[in-house]
Structure formats: C-alpha cells, structure tokens
2 protein chains.
Amino acid sequence: MKAIHVGLLGLGTVGSGVVKIIEDHQDKLMHQVGCPVQVKKVLVKNIEKDRQVHISKEMLTTNVEDVINNPDIDVVIEVMGGVEETRQHLVDALKAKKHVVTANKDLMAVYGTELLSIATENGCDLFYEASVAGGIPILRSLVDGLASDRITKMMGIVNGTTNFILTKMTKLGSAYDEVLKEAQDLGYAESDPTSDVEGLDAARKMAILARLGFSMHVDLEDVSVKGISSVTDDDISYSKRLGYTMKLIGIAQRENGKIEVAVEPTLLPETHPLAAVNDEFNAVYVYGEAVGETMFYGPGAGSLPTATAVVSDLVGVMKNMRLGVNGRSAVAPQFEKQLKSPEHIYAQHFLRISAKDQVGAFSNITSLFSERGVSFEKILQLPIKNSNLAEIVIVTHKAAQSDFEEILQRLNDLPVVEEVKSTYRVEGNGSI
Amino acid sequence: MKAIHVGLLGLGTVGSGVVKIIEDHQDKLMHQVGCPVQVKKVLVKNIEKDRQVHISKEMLTTNVEDVINNPDIDVVIEVMGGVEETRQHLVDALKAKKHVVTANKDLMAVYGTELLSIATENGCDLFYEASVAGGIPILRSLVDGLASDRITKMMGIVNGTTNFILTKMTKLGSAYDEVLKEAQDLGYAESDPTSDVEGLDAARKMAILARLGFSMHVDLEDVSVKGISSVTDDDISYSKRLGYTMKLIGIAQRENGKIEVAVEPTLLPETHPLAAVNDEFNAVYVYGEAVGETMFYGPGAGSLPTATAVVSDLVGVMKNMRLGVNGRSAVAPQFEKQLKSPEHIYAQHFLRISAKDQVGAFSNITSLFSERGVSFEKILQLPIKNSNLAEIVIVTHKAAQSDFEEILQRLNDLPVVEEVKSTYRVEGNGSI
C-alpha cells in the first residue's frame, strides 16, 4: 500500500516531537488511516547539529525546495516559525499542491485568511490546530463540535508564560520582576519576554479564535492589547480580598453582529472555572447560545503536546486524502467584520484609587460615577498607613468603555484624588 | 438546491431543542453545509399533545415507518430513548440507507458495536456525540483532536445528578437523603433516581468512552460500578479534612494493553481540575501519552446543550453527504479486549475505621497493611466522643486491589476493629 510522505520545515522542539510521534504511534496512525506515513525530508539550518530524535542525515536538507517542490512529498508540516519568509514557503508549497499543517500562530494571525484561500484554490488542506493553545483541540471543537451553535463569547487563557507568572504572584504574593526572573530561569519565559508579557502572543491566538468562532475576517490589529508587566502584587492582593483571581484573559465577544476582541489582565471570580487554570496550563471558555458554557483545558505549549496537535491535523489531511476530499475544509467568512465602538463595549471595572482622607472625598469620587450612570458592585476603603491618604477600591457594575474612560480622566483631575493606581476589567460575574 | 431532509424519532426535551436549533440557526447551517436542512417527519406518541416548539400537525406521525422508511428522508435523528425497540428502529433505518444521529447512551452502551457495523455495511454514518456528556464534544475530541496520541487514562464526571448531590453535600454539609430530595424537587433527579445515584448512567457513558478511547470492544458488563447512595456527610467531612473532594468518577485506564473501567465515588485532591467541576456540570479529564493532561468541561444534559451536540453531528453527516464520503467514519477496534485482574488494578485507598481506643490497637491495624506491603500517605486519629472508640482515617499509597480487599477482610476480623465504616478510591494524586 502506498505510504503518505511528509516533509518537515524545521526540526526544533515541536519538529522533533512530530518525528517522534509519527515513529512511536505508527501502528495507531496506520490503523486509523489505512496506510503508512513516513517522514521523507526535513529542512534544517545545520545538518551536522546533534538532534533530540534519531533521524538519518540523508533525510535532512538545507534547501527548502527539497521539501516544498519534492514530487514525493504529499504533506508539508511547518514548524520552523517566522512570518514573511515562511509565508512564501507555504504559498509555494500550496501552489505545488502540497497539503500544509502549521503550528505557526504568528503566521496564521497575520496571513491566515490569505493562506486559507490559496489552499482552497489549489484543492489543498491547510490545518493549524497547534497554533492556538498547543495540545487543546479547540479549533476543531469550534468548527465541528459546536458546529450547530452560535458562539457569542470566548475567554481564553492562551499564554502559558503569563499564566505561570500570575499564578506564582497570586500564590506566593511575589513581585512581578522576581517571578519573571524565575520563569526565565526555568525556561518558561524567553530572555526577551516582550511578546508574552505584553500580550502580543495571546492577541495572535485570539485573532485566530475570533476569526473562526465568529466567521469574520478578524485582523491582528483589531485586537486591543494590554500586557501584565504593570500588574503589581498589591493589585493582586486587593483583588483577592474582593474574591477575584487575576488572569491574562483574551476576550472575544459578539453582540448584534458586532464584535470586540481584547487581551488584558482581567479579574475573574475565584469560583469561575478559568480561575482554577494554573501554572503554564491554557484553557478556552466558550459560550454558545444553545450549549451554554463549555471549557477546553490542557497544555498550551511544549514539544509533545504541540506535536500531538500537529500530527492529529496530519491524520485529518491523510483521511481526506484517502477519501479524496481535500481542500474543502476552509469555509469563507459568513459575515462582514464589524467592530464594536467604545460606546458599545460593556464591562465591569476594578479601580484602585489613593485619595486624600478628608471629609467629602469619598462622595466627590462616587458622584463622578453616578453622574455617568455607573453604579458599584463592591467598595473597599482602607487607610494607607503613615499617610493622610486612603486606598479606595471599587468594582463597578457594567459600564460602557467610553463612559468609563471619561470617568477615569475626570478622576485624575479631581483634587481629592492623589492617583488612580490601577484599573482592570472584571469578567465572569454572573450573566455574560 | 436540494435540501437535506431529516426525520426525528421523539419530540421530548432534546427533540424540541433539535427542531429549535435547526430553525434558529438555519443561516449558519446553510453557510457551513451549502444546502438547506429541513425537518420532514417526527414520530410522536400523541399528535394532539401541546408542544414546546412550533411544529405543524402534518409533520407529526405515530407510525415509525413514516420516518425510517420515508424515501424523502436522508437522516434519522433518534431522541426517543429506550433500548430494545429503539435498536430495531435504528437497524431498520440503517438498512433503509438512512444516516443516523442518536443521543441514546443506553442504546449505544449495549448495542453500539453492532449498530456501528450495520452502519458501515450500509454506507451510512452513525454519530452519537450527544450520548456522552451532553454539550461537551468529547467523542469528537478523542477521535479527531487526539487522533495521533495514545490515551492512557480518562476520568470523567459524566452524571450531572450525582455531581449536583455531591456538590451540595460538600458545600453545605447536608446529608445524602436531604440533598437527593432537593434534587428531585428541582427536577435534577428522577423520582426513581436509581440509574443515576447507583452509577449505572455513568457506567454506560464510560463504556462508550473506553471503547472509543482504547479502541476495544468494551461491554457494559466490563464496568465495575458503585454508586453514591451510601456516601455519608461524615465521609465527606473527613475527606475534606485531608484535603480531598468527593466526586462520582468514571475511570478508564490502560496499561500494557490491559484495561480497567470503573465508576465509583472517588476522592480527588482539592487542587485537581475535576475537583472544581461543580453542580450539574460534567467534565472529562483525558491523559494522553504525548499531550499529557487535557480536560473538557460543559453541560452534561439539558435540552439545548444536548440538542447542540445532535445538530453538530447532523452537520457532520450533511458535510459527508455533500462530499459523498458517508459510512467510513466507524473504525473497527484496533485491539482485542483485555481486562485487568484485581492484582493489576492499582489505586490509593481512603478508609474510615472505628477502633477500640486501647493500647496496641493502632499498631494491630497498621501491621495488617505492612504485612501486605501497603504503606500510608496520610493518617488521622481522633477520639469518638462519649465512647471508648477512636476514629482512624487512613489514605494508603498505591496498592493492588486484591491486596486491599484481603486487608479489608482481615480488618473486619480484627478484635480491636469495631467497624470499617467506609472505603473510597483516591485518584489524581501526582503521577497517573
């Protein structure tokens, strides 16, 4: 029986995992698909380098053409990373009628729409489950499992590094810098952690999720992004007092055909299922009109989990090949993209204000809110030791973002307000 | 464009949900599949009965042949429940070349293997996502999302009624009978709750999960079952003291090609993700060799969640129809079924013993364990008020079931032991 031949672009941690799974699980793959699968060629930078997997030197190449234009190869698996050059390789591969599986969120966030339409034009599959939340089969669940439902909201912990950092800060009460250093020492954070801690990595994944879940052309620029680098241990300790857990949450929601996509440090009630997702784990919470609440939890990264997602996609491609139905999986967006304006983005907000501890200060502050029709869910006031200041912590009921921003500006101008120390979005409180 | 026509067997809560979703989400379904879908005929017991959904009387029938032998109908959706008669209807439908979607766990647990092979013989799809854990797309995730991985263990909270009861007992410290009555009043438990509280419902779902996850012919009789009706509030309060949460857990595990499937009240560390699955929610925790730990969480029952799963299956059938690839989804089991014998089933155990509060009692008891090579992870001893008895609570390290059962028998014969009050399995403690 003819084997299906696979070419790899890249042989780093994920690539090595893919080679290992294809070898170790050959029996299961063969049983599922009905024919053997073989890795044929692997693009690497350096042929002589020692590898984590056993692979013969003849299979390695430094010439990308040996993979993407190799007539023996049916499926190209892209695990090299990068955006511009990699995009060109995948365009070339698709035009050469190779099916493509990629784990590359950066690429899919920016060029996903283009690549999917090139794949369809060429009758090829392009699968990218591994690009969001590593080992969690979330894209497949959105496309197939919840196929009949209308998804109204997704909330995701989709970056393991920041979840590790916030978990440690919460559990140990440690400061951000300290935990970041530990995460770097443990290899959970890069030496330049910007992309993780500033929320960019999460934003890419949310763009991909929103595009799929809402069936719209969501661009990376449509995602509003705020990272965790300014989160203090005080913020976390005050939010704990009020029963909240701080997480970096990607939010995508749709209302009356208009969407909002944001990534920001967000407070969740301690009892919310996402609040219990700790350390480097990822999870995506999905609200569907009919199904209600579901959550998908698992490892967001790592060699073998990510490789599992890649090889599961490969199985999908191979099944389609055997059935002769490739290239029909990408569905064009159903809706025109419409973004919510700040008047239509409603959320609860947490604020920490240091104010002068004097008569009337509190009512000065609260009247600013009531003038804009914003009411409070929780209020905590405590004196700040050795000062004539008080710490006021407020959680508002739902308010329009435009109103909230105006209130913030006016608060800063108020003589009794020393400083608005921090504000965070609050989610998951009762009704969505 | 030709519409795809659907016939329903049953129009109860789930059936009404299916009709509603097909109506409400017509646009999305049309967009995904490329043709309209219409409900054509519905088998009911009583045509005159008032319905929760708007449906014309002409579409209702009391004659099953109008659905399963109707030449206009492409897909039969079975949401009537029942086993023997329903099995015959579905066999007839498949032989009449109708694709089948069913939400019937009782049926699939007993006749799943037979029905799937009849479906394959007739070139028909038979999908049953809704039969396990209602709105959670778990079967699909096992088959597709984790396709490339080797699943070694699944732990599921797959019965909402018992999870509701145990959650209330845990949170409020209430007694079993009291909470059961409340659950019945709220409609979470049937007036005859046996199938739920004795674990039979969960056992059916675990048989289906194990069959799919381990690719073996698992029969319902292979599942060892113990319900929650003998769980006391004292058991729960002692397990809480030791840091555990009590859940009715379905466990399916594979080791060296041999499997164990069990449903029993089980103690999980409070920090385990399953321990946070509360009220009537369901969740399935899956360990794969490569992916590690993943969890799928959502509503386990209810009209619309279950109907979502049914209609998502329907979308799968319709996509296959459009591609002309029906009837190839059922994969014959890869492995011969091999069950573990009690010497090979290893688990930790929790025991509550009331013993005479006298010199040597404790060492009498513990030496029974050490003779069989079973050591302790946690021990708690407390006097029982107004008696000369002590309460001894033990959590063992992992022990073979055969050894544990022998110890239990000998404990009962020991003069210093007044009574072994309860024993529970302990899971989720570190390594799987």
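Residue numbers run consecutively from 1 along every chain, following the written order of its sequence. Each chain is given a letter, starting from A, and each ligand a number, starting from 1, according to the order in which they appear as written. Local features in a predicted model are, by the rule used here, given only for residues with pLDDT of at least 70; side-chain atom pairs are given and counted only at 80 or more, and totals for whole chains, interfaces and linings are based on all residues. Processing note: side-chain calculations cover all non-hydrogen atoms of the structure and skip hydrogens and water entirely.

Per an unreviewed UniProt entry, chain A carries the name Homoserine dehydrogenase and comes from Metabacillus litoralis. UniProt positions are given in the numbering used here, feature names are shortened, and annotations may be inferred rather than shown by experiment. Reading the Catalytic activity (unreviewed entry) entry of the UniProt record for chain A gives the comment "L-homoserine + NADP(+) = L-aspartate 4-semialdehyde + NADPH + H(+)". Quoted verbatim from the Sequence similarities (unreviewed entry) heading of the UniProt record, the comment on chain A is "Belongs to the homoserine dehydrogenase family."

*Asks:* I'm lost on the overall build of chain A in this one. Help?
*Replies:* Counting its secondary structure elements, chain A contains 14 helices and 17 strands. Along the three orthogonal principal directions, the C-alpha set of chain A runs to about 85 × 45 × 35 Å. Of all 432 residues assigned to chain A, the portion counted as buried reaches 59%. The long-range share in chain A, meaning contacts at least 24 apart out of those at least 6 apart in sequence, stands at 74%. By the criteria applied, helices consist of DSSP H or I runs no shorter than four residues and strands consist of E runs no shorter than two, each listed in order from the N terminus. Burial classes follow relative accessibility: with a 1.4 Å probe on protein chains only, a residue under 20% of its type's maximum area counts as buried, one over 50% as exposed, and anything between as partly exposed. Only heavy atoms enter the contact rule, under which two residues are in contact if any of them lie within 4.5 Å.

*Asks:* In this structure, what is going on with the relation of the copies chain B and chain A? I would like to understand it.
*Replies:* Between the two copies of the chain lies a rotation about an axis combined with a shift along it. C-alpha atoms of residues with pLDDT of at least 70 in both copies form the basis for the least-squares superposition of the copies. With an RMSD of 0.0 Å, chain B superimposes on chain A once it is rotated by 180° and translated 0.0 Å along the axis. Such a combination of rotation and displacement between the chain copies is what one expects of a two-fold axis. Residues of chain B ranked by C-alpha distance from the rotation axis are headed by F296 of chain B, positioned 2.4 Å from it. Residue by residue, 100% of the interface of chain B is reproduced at the interface of chain A, so both copies engage with the same surface.

*Asks:* Mind showing me how you'd approach empty space enclosed by the protein here?
*Replies:* Think of a 1 Å grid over just the protein atoms. A cavity is a set of points where a 1.4 Å probe fits yet cannot get out, a pocket is an open set with protein on both sides within 12 Å along at least five of seven lines, and lining residues have an atom within 4 Å of a point. Grid points are joined across faces, edges and corners, and a volume is the space filled by probe spheres set on the points. Under the definition given, this model contains 2 cavities of 30 Å³ or more. Roughly 60 Å³ of internal volume is contained in the largest cavity. Along the walls of the largest cavity sit P273, A276, V277, M295 and Y297 of chain A together with P273, A276, V277, M295 and Y297 of chain B, which together make up its complete lining. Only β12 (292–299) of chain A together with β12 (292–299) of chain B provide two or more residues apiece to the lining of the largest cavity. Polar here means any residue outside two lists: the nonpolar Ala, Val, Leu, Ile, Met, Phe, Trp, Tyr, Cys and Pro, and the charged Asp, Glu, Lys and Arg; Gly therefore counts as polar. Its residues assigned to classes, the lining of the largest cavity shows 10 nonpolar, no polar and no charged.

*Asks:* Before we go on, may I ask you to explain the sheet that holds strand β2 (residues 37–43) of chain A in this structure?
*Replies:* The strands that make up a sheet pair up through hydrogen bonds in the backbone, lying either parallel or antiparallel. Residues and elements named next belong to chain A. Here, any two strands with at least 2 DSSP bridges between them count as paired. Read across the sheet, 6 strands follow the order β3-β2-β1-β4-β5-β6 without closing on themselves; strand pairing throughout is parallel. Of all strands in the sheet, those with a lone pairing partner are β3 (60–61) and β6 (126–127), marking the two edges. Examined bridge by bridge, strand β1 (residues 4–9) and β2 share 6 bridges and lie parallel to one another. Residue pairing for β2: G7 is matched across the bridge by K41. Comment: axis = line fitted to C-alpha atoms, over the contacting stretch for helices; angle = value between 0 and 180 degrees taken between N-to-C directions. Packed onto the sheet, helix α12 (residues 303–323) meets β1, β2, β4 (75–78), β5 (99–102) and β6 and runs at close to 165° relative to β5.

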